[in-house]
Amino acid sequence: MSVQAIAWALRQKVGSTGGKCLLLALANYADEEGTCFPGQERLADETDQSVDSVQRRLKDLEALGLISRERRGGHGDGRSS
């Protein structure tokens with residue numbers, strides 16, 4: 001957990017409560033460099049949202065420049081976290 005990342009997330013204007021909650025969940029997983037790899041199902045469970053909502057909110061956060069995403073190789077279906 002990165003206290004600095006959580007403090008940063010709290011200061012951001014996201015535009016929706018679901019997006020803010022997701023940003024805080026991501027910040028909770030962030031390491032010292034701000035990197036994290038929680039799965040979308042885990043994020044959905046922890047933020048009381050559907051996986052589809054998490055996917056939309058991730059796109060929104062990326063469009064706002066608050067996060068950047070990098071595709072990681074998965075096992076079999078090409079997906080990971």
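Residues numbered from 1 in each chain as written. Predicted model: local features only at pLDDT ≥ 70, side-chain atom pairs only at ≥ 80, totals over all residues. Heavy atoms only, no water.

### What about the overall build of the protein chain?
A tally of regular secondary structure across the protein chain gives four helices and zero strands. Across the protein chain, helices and strands are ordered from the amino to the carboxyl terminus as α-α-α-α. With 81 residues in all, the protein chain has 30% of them scored as buried. Intrachain contacts of the protein chain at a sequence separation of at least 6 include 43% that bridge at least 24 residues. (Helix = DSSP H or I, 4+ residues; strand = E, 2+ residues; numbered from the N terminus. Buried < 20%, exposed > 50% of the residue type's maximum accessible area, 1.4 Å probe, protein only. Contact = heavy atoms within 4.5 Å.)

### Section: the nonpolar core
The biggest cluster of nonpolar side chains holds 16 residues, and the ones touching the most others in it are Leu22, Leu23, Leu26 and Leu61. Counting residues per element, the ones that place at least two in this core are helix 1 (3–11), helix 2 (17–29), helix 3 (40–47) and helix 4 (51–63). The dominant element in this core, judged by the number of residues it contributes, is helix 2, at five residues. When neighbours within four sequence positions are excluded, Leu61 is seen to be in contact with Val14, Gly19, Leu22, Leu23, Leu26, Leu66 and Ile67. (Core = buried A, V, L, I, M, F, W, Y, C linked by side-chain atoms within 4.5 Å.)

### Details of the packing of helix 2 against helix 3
Put simply, helix 2 and helix 3 touch, their axes get as near as 10 Å, and they point 120° apart. Between helix 2 and helix 3, the angle falls in the class oblique. Crossing of helix 2 over helix 3 shows right-handed handedness. Residue-level contacts link Cys21, Leu22, Ala25, Leu26 and Tyr29 of helix 2 to Arg42, Leu43, Glu46 and Thr47 of helix 3. When grouped by side-chain class, the residues that make up the contact of helix 2 with helix 3 number six nonpolar, one polar and two charged. (Axes fitted to C-alpha atoms, helices over the stretch in contact; angles between N-to-C directions. Parallel < 35°, antiparallel > 145°, perpendicular 65-115°, else oblique. Left-handed = near helix turned anticlockwise from the far one by under 90°. Nonpolar A, V, L, I, M, F, W, Y, C, P; charged D, E, K, R; others polar.)

### Some words on helix 2
In a regular helix each residue adds 1.5 Å, so 13 residues correspond to 18 Å; helix 2 covers 19 Å between its end C-alpha atoms and thus fits that length. Considered for burial, the residues of helix 2 that qualify are Gly18, Gly19, Leu22, Leu23, Ala25, Leu26 and Ala27. Buried residues belonging to helix 2 abut helix 1, helix 3 and helix 4. (Expected span 1.5 Å × (residues − 1).)

### Let's talk about the environment of Ala27
Along the chain, Ala27 turns up in helix 2. For Ala27, a relative accessible area of 7% translates into the label buried. Separated by 21 residues in the primary sequence, Ala27 and Ile6 have C-alpha atoms spaced 5.1 Å apart.

### Some words on unusual backbone geometry
If you check the backbone angles, Asp48 has positive phi at about 55° while not being a glycine. Among the secondary structure elements, Asp48 is positioned in the loop between helix 3 and helix 4. The exposed category is assigned to Asp48, whose relative accessible area is 75%.

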